[in-house]
Each structure stands twice: as structure tokens, then as C-alpha cells.
Amino acid sequence: MNKPTKTKKRWPWQLLLFLSPLLAIVISLSAGSLDLSWKQLLTIFLQGPGTEIKQVIIWEIRLPRALLAGLVGAALSLSGVTFQAVLRNPLADPYLLGVSGGAALGAVAALTCGFQSPIIIPIAAFIGALGALLLVYMVAQAHTCSSHTLILSGVMVGSLAAALLLFLLWRAPADATRQAIFWLAGNLSLADPDWLSWGWLWVFIGFLLLWSQSFNLDLLTQGEETAADLGLAVGKTRLILFSLAGALTACAVSLAGLVGFVGLVIPHICRLLWGPGHRLLLPFSALLGSSFLIVADAIARSLYAPAEIPVGVVTALLGAPFFLFLLRRKGGGL
């Protein structure tokens, strides 16, 4: 009897969620050093791509960047949902297993070697992230490959990457160090729009594979022993899920640097609104995470326009207070 009532209460949130990426893109397109009204945006879209300055700004700069922000936000949110479910840890985020450290090390190594290309830097970050994930699995598989072993292995690999990263920054020229620090804070301006096609394909395939594991994610949230008693191959499933979430994180980091709090906060908001079932939680988190990062990037471009602050700073300023509010509301436990 309660189910229809809950559905009626939730459908306005669901409708708003499905519209939120479109609304976020409109906000992003109108924000920046050149403010545009919604009427002007509609006119530009009806005209299509062209050579006028406003058409170039919208079609060649702002729209690809908004889509890129949505891609990164979706990837981080999907990763956050997965890590929190498998580790049964509400504080788990996409960077827990040393993926961020490996990606940062790869990108900074490319920068300090003189590679300034917007193509080489994401490739180096992607290779570094997957390399760190592989190293974590090699260490964990040498033991029991439990959740605790994976976390400790990730912390160890992250610490090793951080030490090597500091050494590279110490040895790097001033210009390369500045660019590396800006990238480490989360930066969407360095990504090449031509990477959008493969990025969206990567994230879409990752989402489909994770969504196919929704029932297994629900089982793992009940505990490893319970999941095993119900016939789930816990070790194998955990590695599959970590690999998928790690690959999504590597994709996001390679394109935007280290953008924090998206994969930590967004899954909690979706659980509060739509419950813990992963069949809904995964797509809803992807949509909300996408919208959140698009708006955060618009704020980063507008706050001190024409200058731009790293989007990771904005997500931290927005995400940290909200997460503290959640902790206080739940009495210290999420």
C-alpha cells in the first residue's frame, strides 16, 4: 500500500532530474565573460554554427566544454556509487584505490618532460591511473583480496605516487609546475573537445556494464558473507566492479584532473531521494553528477571572469559543506 504513495512523492524529483542536464547546459552556455540571455541562446541555436563571435563561442567552446563536464561528472558519480557499495563504506570515493595518484603522476611526468599537448597529457594520465589500479590488484591478489586489503593497497600505491609526484614537481621548471598544479586542482580547459566522442562511448559502455551488475551491487551492500551465502562469487565480482569503476575514474581524471567530492556527495543525495537500489541509483547518480559538474564549471568560469578558477575548487566549496551537513543530520553516520 505504501509503494504508490512513495512513487507519487518521488516522481517530481525524477522529472526534475531528467531535465536537470538540459537546464545545466543552458546555464553553462549563458555563463562566462560574455553573458548571453536565453533568448540570444535560442537565436544562436536556430542559426546553427557560423563564423560570428557568439556562434563560435557557443558551438566551438562552451557547448563542447559543457558536454565534457557532464561526461566527467557522470563518470565520477558512477564510480562513487560502485566503490561505496562494494566497500560498504560511505566515505569511499573514486580516488580511494590510488587511481588519482597514478593519474596525477602520469600527467605531471608528461608535463615535466616538456609535453604540453592537450592530447598527450590525458593519455599519460589515463595510463598512470590504470597502472596504479593494476598495481593495487597485484598487491591485493597476493593476499586475500578482501575489501580491507584493497583499501590498504590503494593507500600504499597512492602514497608512493604522491612521493614520486612531489619529486617531479621539485625537479620541474616553474612553468610546468604551475600548469601541473592547475591541472591537479581540476581543470576542464586543457581537455581537447575531440576526445568527447571516445569519452562518452567509454562512459556509456561502463555504465551499461555496471548497470548489468545492479543486483550484485545490492547483494554486496548486505555484506560479503550474506552475498556469498546467496551464491555470489564475491572475489570475482568485486574485481570486476573495481575494474569498471577504476576505468571510469581514469577516464574522468585524464580529461579533467582531480575533481573532488562529486563521487562522494552525489551518491548520498540520490540515496536520500530514491533509495539504495542500484538499478535506479546508478542512472540517477550519473544524471545528477553530470548536471552538478556542468553548473560547477559554469561557476568556475564566471566567478572571476574573464579569469577562471579550477573547477575542483568549486566542487570542494560546494560539496564539503553539504557533506558536513549530511554527517550532522545522520548523527555522524551515513
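Scroll up to find the structure.
None of the values given here were measured: they were computed from a predicted structure.

Caption draft 1: Spotlight on the overall build of the chain. Within the chain one finds 14 helices and zero strands. From first element to last, N terminus to C terminus, the chain shows the α and β order α-α-α-α-α-α-α-α-α-α-α-α-α-α. Over its C-alpha atoms the chain spans a radius of gyration of 20 Å, differing by no more than 12% from the 20 Å that the globule rule assigns to 334 residues. With the C-alpha coordinates of the chain rotated into their principal frame, the extents come out at 65 × 60 × 35 Å. Every one of the 334 residues in the chain was classed for burial, and the buried ones make up 51%. Long-range contacts, defined as pairs at least 24 residues apart, comprise 74% of the intrachain contacts of the chain with a sequence gap of at least 6. In the structure as shown, the chain presents an accessible area of about 15,900 Å², 70% of it carried by carbon and sulfur atoms. Taking the average place of the 20 positive charges on the side chains of the chain and the average place of its 13 negative ones, the gap between the two points comes to 12 Å.

Caption draft 2: Helix 3 (residues 53-87), seen in detail. The terminal C-alpha atoms of helix 3, which comprises 35 residues, lie 49 Å apart, in line with the 51 Å expected from a rise of 1.5 Å per residue. Bending of helix 3 peaks at approximately 35° at the position of Arg-62, with proline Pro-64 no more than four residues after it. Most of helix 3 is tucked away, with 28 of its 35 residues classed as buried. Positive backbone phi, approximately 55°, marks Arg-88, located one or two places after helix 3.

Caption draft 3: The arrangement of the nonpolar core in detail. Val-72, Leu-78, Trp-183, Phe-242, Val-259 and Leu-293 are the most contacted members of the largest nonpolar core, which totals 94 residues. Per element, the largest residue contribution to this core is 16 residues, and it comes from helix 3.

Caption draft 4: Here's a closer look at helix 4 (residues 99-112). The end-to-end C-alpha distance of helix 4, which contains 14 residues, comes to 20 Å, matching closely the 20 Å that a straight helix rising 1.5 Å per residue would cover. For helix 4, the tally of buried residues reaches twelve of 14 residues, placing the bulk of the element in the interior. Just downstream of helix 4 lies Gly-114, where phi reads positive at about 95°.

Caption draft 5: A look at the pattern of salt bridges. Taken as a whole and judged by the stated rule, the model has three salt bridges. Salt-bridge contacts for Arg-65 lead to Asp-297; the nearest nitrogen and oxygen are separated by 2.8 Å. Linking Arg-65 in helix 3 with Asp-297 in helix 13 (residues 278-302), this pair joins segments that are 232 residues apart in sequence. Given the relative accessible area of 12%, Arg-65 is considered buried. What makes Asp-297 buried here is its relative accessible area of 1%.

Caption draft 6: Structural context of the packing of helix 3 against helix 12 (residues 262-274). Interhelical geometry of helix 3 versus helix 12 gives an angle of 70° and a closest axis separation of 8 Å. One way to sum up the angle between helix 3 and helix 12 is to call them roughly perpendicular. Along the contact surface, helix 3 presents Gly-73, Leu-76, Ser-77, Gly-80, Val-81 and Gln-84, while helix 12 presents Val-262, Gly-263, Leu-264, Ile-266, Pro-267, His-268 and Arg-271. Along the lines of polarity and charge, the residues of the contact of helix 3 with helix 12 split into six nonpolar, six polar and one charged.

Caption draft 7: Highlighting the environment of Trp-38. Tracing the chain through its elements places Trp-38 in helix 2 (residues 38-47). For Trp-38, a relative accessible area of 56% corresponds to the exposed category. For the pair Trp-38 and Thr-221, spaced 183 residues apart in the sequence, the C-alpha separation amounts to 44 Å. Each residue touching Trp-38, except ones within four places of it in the same chain, is listed here: Val-26 and Ser-30.

How each quantity is defined
- Residues numbered from 1 in each chain as written.
- Predicted model: local features only at pLDDT ≥ 70, side-chain atom pairs only at ≥ 80, totals over all residues.
- Heavy atoms only, no water.
- Helix = DSSP H or I, 4+ residues; strand = E, 2+ residues; numbered from the N terminus.
- Rg over C-alpha atoms; globule rule 2.2 N^0.38 Å.
- Buried < 20%, exposed > 50% of the residue type's maximum accessible area, 1.4 Å probe, protein only.
- Contact = heavy atoms within 4.5 Å.
- Areas by Shrake-Rupley, 256 points an atom, 1.4 Å probe, with all protein chains shown as cover.
- Lys, Arg positive; Asp, Glu negative; His and termini not counted.
- Charge placed at Lys NZ, Arg CZ, Asp CG, Glu CD.
- Expected span 1.5 Å × (residues − 1).
- Bend = angle between axes of the 7 residues up to and from the residue.
- Core = buried A, V, L, I, M, F, W, Y, C linked by side-chain atoms within 4.5 Å.
- Salt bridge = Lys/Arg side-chain N within 4 Å of Asp/Glu carboxyl O.
- Axes fitted to C-alpha atoms, helices over the stretch in contact; angles between N-to-C directions.
- Parallel < 35°, antiparallel > 145°, perpendicular 65-115°, else oblique.
- Nonpolar A, V, L, I, M, F, W, Y, C, P; charged D, E, K, R; others polar.

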